[in-house]
Amino acid sequence: PVKQESGGLLPPGGRAQARVTLAPDPVAGSVVTSVAVYPSPAGNLSQALKQLLNEPSGCFEQTSSTTYPLTMALQYFQTHTGTEPEVVKDAQAKLDRGYQRLTGYECKGKGFEWFGEDPGHEALTAYGLLQFTDMQKVRQVDGTMLSSTRAWLLKQRDGKGGFERRRRALHTWVEDRDASDAYITWALLEAGEKALGAEVAHVEQVAAASANTYVTALGANVAALAGHAA
């Protein structure tokens, strides 16, 4: 299959043209053409958001790759008018199924891991905490689970402003420690945690000296949430 796309703006009273190059010997009846005209950028955005409505599947990380976009799409749908009710209903149903999958990967010792095997993974659990915190804006999230996830992350503090990183047989890569520490601190702050003085100071110090722009960006987020924006 071959797909060609083009886009542009219709000027007032003007016309738009698009050139399509067909194969020299197309199969009869195999060519399909569609044209979509949006009266405003908001209409275009609504259509784009529909492409985010995918069925959740896979491990915690793979399921999150569909549930987090679903969460963001529903935030938009619920704050803007003009979206078809069927689309909103479909997004909510998919998110409900994704939520059930995600919570099924909670470890016995708390925290989350790709398939729910102890011990939990610190950075992945922080990703889950951030996702569930955003998700509760569009659906009900188990408050006890949220509290235990946050408490588990707090127990992983190493006393030096960072967080432990336990090794395991599954997904044993060595991530950037500064990025990991900064991301976990940011997630905890977004989830409403306040008692992170040592962790915030550590992230701000590391971010100020880091050549990693991702760490710098996380440091800016942490500083802003901690009220140190200036």
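Here is a short report on the structure shown in this document. Note that the structure is a prediction, hence the values are computed from the model and not measured.

## Remarks on the overall build of the chain
What the chain contains, in helices and strands, is eight helices and zero strands. Secondary structure elements of the chain occur, N-terminal to C-terminal, as α-α-α-α-α-α-α-α. Expressed as lengths along the three principal axes of its C-alpha atoms, the size of the chain is roughly 65 × 40 × 40 Å. Taken across its 230 residues, the chain has 38% of its residues classed as buried. Nonlocal contacts in the chain, meaning residues at least 24 apart in sequence, comprise 62% of its contacts between residues at least 6 apart. About 13,800 Å² of surface is accessible on the chain, with carbon and sulfur atoms providing 54% of the total. Here the chain carries 22 positive and 25 negative side-chain charges, and the mean point of each set is 3 Å from the other.

## Describing the packing of aromatic side chains
Here a ring pair, both rings aromatic, is described through the centre-centre distance and the interplanar angle of the planes. Here the structure, examined in full by the defined rule, presents seven aromatic pairs. Look at Tyr76 and Phe77: their rings are 6.3 Å apart centre to centre, the planes differ by 70°, and that puts the pair in the edge-to-face class. For Tyr76, a relative accessible area of 13% puts it in the buried group. Its relative accessible area of 5% is what places Phe77 among the buried residues. Seen in terms of ring centroids, Tyr183 and Trp186 are 5.6 Å apart; in terms of plane orientation they differ by 75°. Their pairing is edge-to-face. One end of the pair is Tyr183 and the other is Trp186, both in helix α6 (residues 177–190) and three residues apart, which spans about a single turn.

## As for the side chain of Asp181
The topology assignment puts Asp181 in helix α6. The charged side chain of Asp181 is buried without a salt bridge, its nearest counter-charge being Arg177 at 4.7 Å. Setting aside residues up to four positions removed in sequence, Asp181 forms contacts with Gly162, Phe163, His202 and Val203.

## With respect to helix α3 (residues 85–103)
In this model α3 runs 27 Å from its N-terminal to its C-terminal C-alpha over 19 residues, within 8% of the 27 Å that 1.5 Å per residue would give. Along α3, the residues classified as buried are Val87, Ala91, Lys94, Leu95, Gly98, Tyr99 and Leu102. Along the long axis of α3, the arc covered by the buried residues comes to 145°, so they all point the same way. Among the exposed residues of α3, those oriented more than 90 degrees off its buried face are Pro85, Glu86, Lys89 and Gln100. Check the buried side of α3 and you find it contacts α1 (41–50), α2 (60–77), α4 (122–135) and α5 (143–155).

## What about the pattern of salt bridges?
The tally for this structure, following the rule as stated, stands at nine salt bridges. Two residues, Lys50 and Glu84, come together in a salt bridge whose shortest N-O distance is 2.9 Å. With Lys50 in helix α1 and Glu84 in the loop between α2 and α3, this pair connects stretches of sequence that are 34 residues apart. On the basis of relative accessibility, which here comes to 34%, the residue Glu84 falls in the partly exposed class. Measuring nitrogen to oxygen at the nearest pair gives 3.4 Å for the salt bridge that ties Asp134 to Lys137.

## Let's talk about the side chain of Thr71
Of note, Thr71 is situated in helix α2. Setting aside anything within four residues of it in sequence, one finds Thr71 in contact with Leu95, Asp134, Met135 and Val138.

## Observations regarding the packing of α1 against α2
Running from N to C, α1 and α2 cross one another at 145°; their axes reach a closest spacing of 10 Å. Crossing angle aside, the handedness with which α1 passes α2 is left-handed. Together, Ala42, Leu45, Ser46 and Leu49 of α1 and Ala73, Tyr76 and Phe77 of α2 make up the contact between the two elements. Residue composition of the contact of α1 with α2, grouped by class: six nonpolar, one polar and no charged.

Cut-offs and rules
- Residues numbered from 1 in each chain as written.
- Predicted model: local features only at pLDDT ≥ 70, side-chain atom pairs only at ≥ 80, totals over all residues.
- Heavy atoms only, no water.
- Helix = DSSP H or I, 4+ residues; strand = E, 2+ residues; numbered from the N terminus.
- Buried < 20%, exposed > 50% of the residue type's maximum accessible area, 1.4 Å probe, protein only.
- Contact = heavy atoms within 4.5 Å.
- Areas by Shrake-Rupley, 256 points an atom, 1.4 Å probe, with all protein chains shown as cover.
- Lys, Arg positive; Asp, Glu negative; His and termini not counted.
- Charge placed at Lys NZ, Arg CZ, Asp CG, Glu CD.
- Phe/Tyr/Trp six-rings, centres within 6.5 Å; stacked < 30°, edge-to-face > 60°.
- Salt bridge = Lys/Arg side-chain N within 4 Å of Asp/Glu carboxyl O.
- Expected span 1.5 Å × (residues − 1).
- Arc of directions from axis to C-beta.
- Axes fitted to C-alpha atoms, helices over the stretch in contact; angles between N-to-C directions.
- Left-handed = near helix turned anticlockwise from the far one by under 90°.
- Nonpolar A, V, L, I, M, F, W, Y, C, P; charged D, E, K, R; others polar.

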